[in-house]
Amino acid sequence: AQGYDTDLSGYVSKMGHHYGKTGLIDETFELEKPEVLLYVPDGDEGMKFVAVEYLVTVPDPLNPPPPPEGFTGPEDVWFFNTDIGMWTLHVWVAMENSNGIFAAQNPALPYFNELLILFYVMPGPLSPAFLFCFPDLNKVQGI
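Remember, predicted model here, so these are calculated numbers, not experimental data.

**Some words on the side chain of Asn106**
Part 1 of the reasoning: Tracing the backbone through its elements, the reader meets Asn106 in the loop between β6 (86-91) and α1 (114-120).
Part 2 of the reasoning: Under the relative-accessibility criterion, Asn106 is labelled buried at 1%.
Part 3 of the reasoning: Excluding its chain neighbours within four sequence positions, the residues that come into contact with Asn106 are Lys14, Trp92, Met95, Glu96 and Asn97.

**What about the pairing of β6?**
Part 1 of the reasoning: The buried fraction of β6 amounts to 6 of the 6 residues, a majority that puts the element mostly inside the structure.
Part 2 of the reasoning: Across the two faces of β6 the burial is the same, with Met86, Thr88 and His90 and Trp87, Leu89 and Val91 all buried.
Part 3 of the reasoning: Alignment of strand β4 (residues 47-57) against β6, held across 6 bridges, turns out to be antiparallel. Looking at the pairing, Thr57 lines up with Met86 of β6.
Part 4 of the reasoning: Relative to β6, strand β5 (residues 79-81) runs antiparallel, the two being bridged by 3 bridges. Its bridge partner lying in β6, Phe80 is registered against Trp87.

**Description of the sheet that holds β4**
Part 1 of the reasoning: Taken together, the 6 strands give an open sheet; going across it, the order is β1-β2-β3-β4-β6-β5, and neighbouring strands pair in antiparallel fashion. Pairing within the sheet leaves two strands with one partner each, and these edge strands are β1 (6-12) and β5. On average, adjacent strands in this sheet sit at an angle of 30 degrees to one another, irrespective of strand direction.

**Observations concerning the pairing of β1**
Part 1 of the reasoning: Pairing of β1 with strand β2 (residues 16-20) involves 4 bridges; the strand directions are antiparallel. Paired with Thr6 across the two strands is Gly20, which belongs to β2.
Part 2 of the reasoning: A loop of 3 residues connects β1 with β2, the two strands running antiparallel in sequence, and Lys14 in this loop sits at a positive phi of about 65 degrees.

**Considering the layout of surface pockets**
Part 1 of the reasoning: Of the volumes computed, that of the largest pocket is approximately 350 Å³.
Part 2 of the reasoning: Around the largest pocket sit 16 residues that line it, and His18, Glu53, Asn81, Ile84 and Thr88 are the ones nearest its centre.
Part 3 of the reasoning: Counting residues per element, the ones that place at least two in the lining of the largest pocket are β1, β4, β5 and β6.
Part 4 of the reasoning: Within the lining of the largest pocket, the residues separate by chemical class into 10 nonpolar, 5 polar and 1 charged.

**Remarks on the environment of Leu24**
Part 1 of the reasoning: Tracing the backbone through its elements, the reader meets Leu24 in the loop between β2 and β3 (36-41).
Part 2 of the reasoning: The class for Leu24 is buried, based on a relative accessible area of 16%.
Part 3 of the reasoning: Measuring from C-alpha to C-alpha, the distance between Leu24 and Tyr4 comes to 10.0 Å, with 20 residues separating the pair along the chain.
Part 4 of the reasoning: Each residue touching Leu24, except ones within four places of it in the same chain, is listed here: Tyr4, Lys33, Pro34 and Glu35.

**Notes on the environment of Thr57**
Part 1 of the reasoning: Among the structural elements, Thr57 can be located in strand β4.
Part 2 of the reasoning: Residue Thr57 is classed as partly exposed on the basis of its relative accessible area of 22%.
Part 3 of the reasoning: Each C-alpha atom of the pair Thr57 and Ile84 lies 8.9 Å from the other, and the pair is 27 residues apart in sequence.
Part 4 of the reasoning: Dropping the residues within four chain positions of it, Thr57 is found in contact with Ile25, Asp26, Glu27 and Met86.
Part 5 of the reasoning: Within the structure, the side chain of Thr57 is placed 3.3 Å from the backbone nitrogen of Glu27, a separation counted as a polar contact.

How each quantity is defined
By convention here, each chain's residues receive numbers from 1 onward along its written sequence. Restriction of local features to residues with pLDDT of at least 70 applies here, the model being predicted, together with a cutoff of 80 or more for giving and counting side-chain atom pairs; totals for whole chains, interfaces and linings are based on all residues. Computation of side-chain values: all heavy atoms of the structure, hydrogens and water removed. A helix here means a DSSP run of H or I that spans at least four residues, while a strand means a run of E at least two residues long, and both kinds are numbered starting from the N terminus. For every residue, the accessible area (1.4 Å probe, protein chains only) is compared with the maximum for its type, and the residue is labelled buried under 20%, exposed over 50%, or partly exposed between those bounds. Here, two residues are considered to be in contact whenever any of their heavy atoms come within 4.5 Å of each other. A pair of strands is labelled paired if DSSP reports no fewer than 2 bridges between them. Axis definition: a line fitted to C-alpha atoms, over the contacting stretch in the case of helices. Angles run 0 to 180 degrees between N-to-C directions. Method remark: on a 1 Å grid restricted to protein atoms, a set of points is classed as a cavity if a 1.4 Å probe fits but cannot get out and as a pocket if it is open with protein on both sides within 12 Å along at least five of seven lines; lining residues have an atom within 4 Å of a point. Grid points are joined across faces, edges and corners, and a volume is the space filled by probe spheres set on the points. Gly counts as polar in this scheme, as do all residues outside two lists: the nonpolar Ala, Val, Leu, Ile, Met, Phe, Trp, Tyr, Cys and Pro, and the charged Asp, Glu, Lys and Arg. The term polar contact refers here to a pair of N or O atoms within 3.5 Å; inside protein, the definition further demands a hydrogen-donor-capable atom paired with an acceptor-capable atom, and it admits residues adjacent in sequence only when both atoms are side-chain atoms.

Structure representation (structure tokens):
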């Protein structure tokens, strides 16, 4: 997408890739200007847009102020991400999320970690014993 050309995270389990438009990252919530667009691999060597994320910086990450006002109503629960020192809010505008439109993670997306990726890319079927030891692999799309 135009200007959202920096992959800020790589693939994050149950979220996707976070492509940021770094010039938008500031202390202001602007509904029409999300700082991040989330994409997931679509299986055809492309990427599918699934959500937006708002990032709001704070002057002192060790003592953050209350979350931004954000959307009307109580549903948009902001999360203070201590790793990046910002208030964050995901909005699943292009993919249904059974946890809610403002949930941080989407259970419909695969869970990956380094071990799962290692076996995900290995050719051949996975043994029943291996799947017993790692039951989450049954949930990974494409296996």
